[in-house]
Amino acid sequence: MTGTGRTVTRVDLCEAVYQKVGLSRTESSAFVELVLKEITDCLEKGETVKLSSFGSFLVRQKGQRIGRNPKTGTEVPISPRRVMVFKPSAILKQRINANGSAGASASASSASEDKTESAGSASGT
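Residues numbered from 1 in each chain as written. Predicted model: local features only at pLDDT ≥ 70, side-chain atom pairs only at ≥ 80, totals over all residues. Heavy atoms only, no water.

Caption draft 1: Representation of the pairing of strand E2 (residues 55–62). Here strand E1 (residues 49–51) pairs with E2 via 3 bridges, running antiparallel. When the bridges of E2 are listed, Leu-51 appears paired with Gly-55. Linking E1 to E2, which pair antiparallel, is a turn of 3 residues; within it Ser-53 sits at a positive phi near 65°. Relative to strand E5 (residues 81–88), E2 is paired through 8 bridges, and the arrangement is antiparallel. Residue pairing across strands places Leu-58 opposite Val-85, the latter belonging to E5. (Pairing = 2+ DSSP bridges. Helix = DSSP H or I, 4+ residues; strand = E, 2+ residues; numbered from the N terminus.)

Caption draft 2: Summary view of the packing of aromatic side chains. The final tally for this structure, using the stated rule, is 2 aromatic pairs. A ring pair is formed by Phe-54 and Phe-86, whose centres lie 5.4 Å apart and whose planes are at 50°; its orientation type is tilted. Of this pair, Phe-54 sits in the loop between E1 and E2 while Phe-86 is found in strand E5, placing the two residues 32 residues apart along the sequence. Ring geometry for Phe-57 and Phe-86: centres 4.8 Å apart, planes at 45°, overall tilted. Placement of the pair is Phe-57 in strand E2 and Phe-86 in strand E5, with a sequence separation of 29 residues. (Phe/Tyr/Trp six-rings, centres within 6.5 Å; stacked < 30°, edge-to-face > 60°.)

Shown next, in the form of C-alpha cells:
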C-alpha cells in the first residue's frame, strides 16, 4: 500500500470549510469541532454513526480473553472493552479503487474479499 504521506488534520478540514463554504475561519473551525463532537458523543453512547456515501462508525463490545506476552510467553488476561470500528461504504470503496493504480479488475476481486472478511469478522472479534 503506497500513500502520499500526507495527513489531513483538523486545521486542514477547517481551511477546506473556509474555502468552500465561505464561513469565516472562526465559524469554520467551530463548525468542524461541532461535527466531530457530535460524532464522538454518539459513539460514547454506543450509537452507530452512518454517513451516507462515506461509511459507518460503530462501537463493538469485546469480551475478556487470554492474551500472550510475545516476549516471555506468559498468559495475560485482556479485560473486556469497547472498540470503535469504521466500515467504509461501497461508494467510498469504489471511489478509492477508481483513483488507485489497481483498476477495475482489482476492484472486483476486492469486493469478493470484502464479503469473505465480513463473514469472518461477524464471528465476534
